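Chain and residue survey
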Amino acid sequence: MTHVLVVEDDLQFRQMLAQMLKLEGHTVVVAGDGEEALQLVTRHKPRLIITDILLPRKDGIDMIMELAQSGIDTPVIAISGGRRAISADFNLESALLMGVKSILKKPFNRVDLRQAVSVALAGR
Amino acid sequence: MCSIPENAPPSHRRASCVQVERQTAAHDGEGDACRSCLNKLDAHYTDLLNQRLGQSQALEVLGALSAGVAHDFNTLLGTIVGHAEMGLDELPEHSPCRQNLQQILAASLRARELIARILLFSAPHQCRRITVDTVPVIQETLSLLNSLLGPGLRLNFSSDLEYAPVSAETGHIQQIVMNLCINAADATDHKGTVEIRLDLTTLGDTPEERKPGVCLSVSDKGSGIHPDLQERIFDPFFTTKDLGMGSGLGLSVVYDTVTQIGGHIELSSTPGDGSTFRIYLPLAVEKENSLKTSTAVDRNLIDFAGEGQ
């Protein structure tokens, strides 16, 4: 069982992902944007973060960079909406270079989620 | 007079005409006829360029739109797929609702594929090209398609080339071959033979622009395409197929992919007598020793070098 922080601005998708993770036996805390997520990281100390990249207020990229700058090495799974490039100067390969352990492409199923979690937590 | 075979490719027609114009410039009468021919060709080229510009602009708009909506659309699909799957996991094995959920999942996966195809338009600058040998990629793609397109259709590949490198992604070549063959299969009702050929050719209209290339042609003896429709055949979402049988994206994906990798596409079609799509791609220039793996290509490259001088 792992304590997971889910960062996703779409309420329905967030609820679905939280439910899926709970069925997999994990405990879940949720945030709607990067700003809220950073506060929850300090408070809840999750062992895994699953985050969308395109988020309001503070996006996933800034959040991941701030976590790294703060010395927090919680493994991160990035969720992609399907585009290979997230912005002109940031693509999925860049995310992996930034320390993102795994990438999930929407829509994904339970098997995909299980594999991504397993890769992200390998060696921990 | 300027005599150019009707079936000569435009680049050859133009080159021949320029040559004749030069030869006859000193002779009154014939030069006028040729100049008139050149003017017609220039008008033809202007129309062609305008058409291509229109297609590029349409694809650009589609790209911007698709990039904007794809993320939201995939998020919605993610919610649908996730809940359908969790529902399936909870239902008893013989529940009649299982089939409904399975249909939801199947439809969602089709929607995901459609978005993935639309997304091909959204980021043309992001492709990372490598040198791809087109010969095995075409062979492997056709082998996969053979099992998918039904036993009544034969995909016949022929080429003298053992090695034909182009600068592209493997997926680009697969996309081109798959879409053209699926199109040919639909045009022939999945019966008969589709001829696929790969040949060396020369690209460029003038001696200065000349460079070696490959021509991939896909020919069918199907229903053909009416001249009025040929102008629109590469437009996104344009389809002549029955509702639900085609997205209208196959040929526009081919057009976009070919343009991205520096090639161009030509169509010759006669209604009732079939169609031939020709894809012209520049040959990747590689180190000399890597090309020596194929004597056939070596020989042709030497010929090309000779022609350009």
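Residues numbered from 1 in each chain as written. Chains lettered and ligands numbered in written order. Predicted model: local features only at pLDDT ≥ 70, side-chain atom pairs only at ≥ 80, totals over all residues. Heavy atoms only, no water.

For chain A, the count of helices and strands is five helices and seven strands. Going residue by residue from the N terminus, the α and β elements of chain A occur as β-α-β-α-β-α-β-β-β-α-β-α. For chain A, the proportion of contacts with a sequence separation of at least 24, taken over those separated by at least 6, is 67%. Total accessible area on chain A is roughly 5800 Å²; 49% of this is exposed by carbon and sulfur atoms. (Helix = DSSP H or I, 4+ residues; strand = E, 2+ residues; numbered from the N terminus. Contact = heavy atoms within 4.5 Å. Areas by Shrake-Rupley, 256 points an atom, 1.4 Å probe, with all protein chains shown as cover.)

All right, on to the sheet that holds strand S4 (residues 76-80) of chain A then. Residue and element names in this part refer to chain A. Here we have five strands laid out as an open sheet, ordered S2-S1-S3-S4-S7, and parallel in their pairing. Two strands in the sheet have a free side with no partner beyond their single neighbour: strand S2 (27-31) and strand S7 (100-105). Across the sheet, the mean angle from the axis of one strand to that of its neighbour is 20 degrees, orientation sign disregarded. In terms of strand pairing, strand S1 (residues 3-7) meets S2 through five bridges, oriented parallel. Opposite Leu5, over in S2, you have Val29 as the bridge partner. Along the sheet, helix H1 (residues 11-23) makes contact with S1, S2, strand S3 (48-52) and S4, crossing S2 at roughly 165 degrees. Sheet contacts for helix H3 (residues 60-69): S1, S3, S4 and S7; angle to S3, the most-contacted strand, approximately 150 degrees. (Pairing = 2+ DSSP bridges. Axes fitted to C-alpha atoms, helices over the stretch in contact; angles between N-to-C directions.)

Residues and elements named next belong to chain B. When strand S2 (residues 153-159) meets strand S4 (residues 192-203), the two strands line up parallel, connected through seven bridges. By the bridge assignment for S4, Ser159 is matched with Leu198. Relative to strand S5 (residues 211-220), S4 runs antiparallel, the two being bridged by nine bridges. Bridge pairing links Glu195 to Ser219 in S5.

With that settled, the discussion passes to the packing of aromatic side chains. All names here are of chain A. Tallied over the entire structure, the rule returns one aromatic pair over all chains. Measuring from ring centre to ring centre gives 5.8 Å for Phe13 and Phe108, while their planes differ by 85 degrees; the resulting arrangement is edge-to-face. Residue Phe13 is found in helix H1, and its partner Phe108 is found in the loop between S7 and helix H5 (110-121); the two are separated by 95 residues along the sequence. Here the basic side chain of Lys106 rests over the ring of Phe13, its NZ or CZ set 4.6 Å away from the ring centre. (Phe/Tyr/Trp six-rings, centres within 6.5 Å; stacked < 30°, edge-to-face > 60°. Lys NZ or Arg CZ within 6 Å of the ring centre and 35° of its normal.)

Residue and element names in this part refer to chain A. Within the span of helix H2 (residues 34-44), buried status applies to Gly34, Ala37, Leu38, Leu40 and Val41. Buried positions in H2, seen along its axis, are confined to an arc of 165 degrees and lie on one side of it. Projecting away from the buried face of H2 at angles above 90 degrees are the exposed residues Thr42 and Arg43. The backbone nitrogen of Glu35 lies 2.9 Å from a side-chain oxygen of the residue at the head of H2, namely Asp33. (Buried < 20%, exposed > 50% of the residue type's maximum accessible area, 1.4 Å probe, protein only. Arc of directions from axis to C-beta. Polar contact = N/O pair within 3.5 Å; in protein donor to acceptor, adjacent residues only side chain to side chain.)

Moving on, we get to the environment of A:Ile103. On the secondary structure map, A:Ile103 appears in strand S7. For the pair formed by A:Ile103 and A:Leu113, sequence separation is 10 residues and the distance between their alpha carbons is 9.6 Å.

This next bit is on the environment of B:Leu148. All names here are of chain B. Among the structural elements, Leu148 can be located in helix H4 (residues 134-148). According to the relative accessible area criterion, Leu148 is exposed, its value standing at 58%. Expressed as a C-alpha distance, the spacing of Leu148 and Ile182, which sit 34 residues apart in the sequence, is 9.5 Å.

Attention now goes to the confidence of the model for chain B. All names here are of chain B. For chain B, mean pLDDT is 73; residues scoring 70 or higher make up 62% of the total. Confidence drops under a pLDDT of 50 for residues 1-28, and excluding neighbours within four residues, the segment shows 37 contacts in the predicted structure. For the stretch residues 287-309, pLDDT sits under 50, and the model shows 23 contacts to residues farther than four places along the chain or on other chains. Under the prediction, the complex receives an ipTM of 0.83, its pTM being 0.51. (pLDDT = per-residue confidence, 0-100.)

Moving on: the sheet that holds S2(B). Residues and elements named next belong to chain B. The strand order across the open sheet built from five strands is S2-S4-S5-S7-S6, with neighbouring strands paired in mixed fashion. Strand pairing shows two members of the sheet lacking a second neighbour, S2 and strand S6 (264-270), which therefore form its edges. Adjacent strand axes in the sheet meet at a mean angle of 20 degrees, parallel and antiparallel pairs treated alike. Relative to strand S7 (residues 274-282), S6 is paired through seven bridges, and the arrangement is antiparallel. Residue pairing for S7: Glu266 is matched across the bridge by Arg278. The strands touched by helix H5 (residues 170-187) within the sheet are S2, S4, S5 and S7, with S5 carrying the most contacts at an inclination of about 30 degrees.

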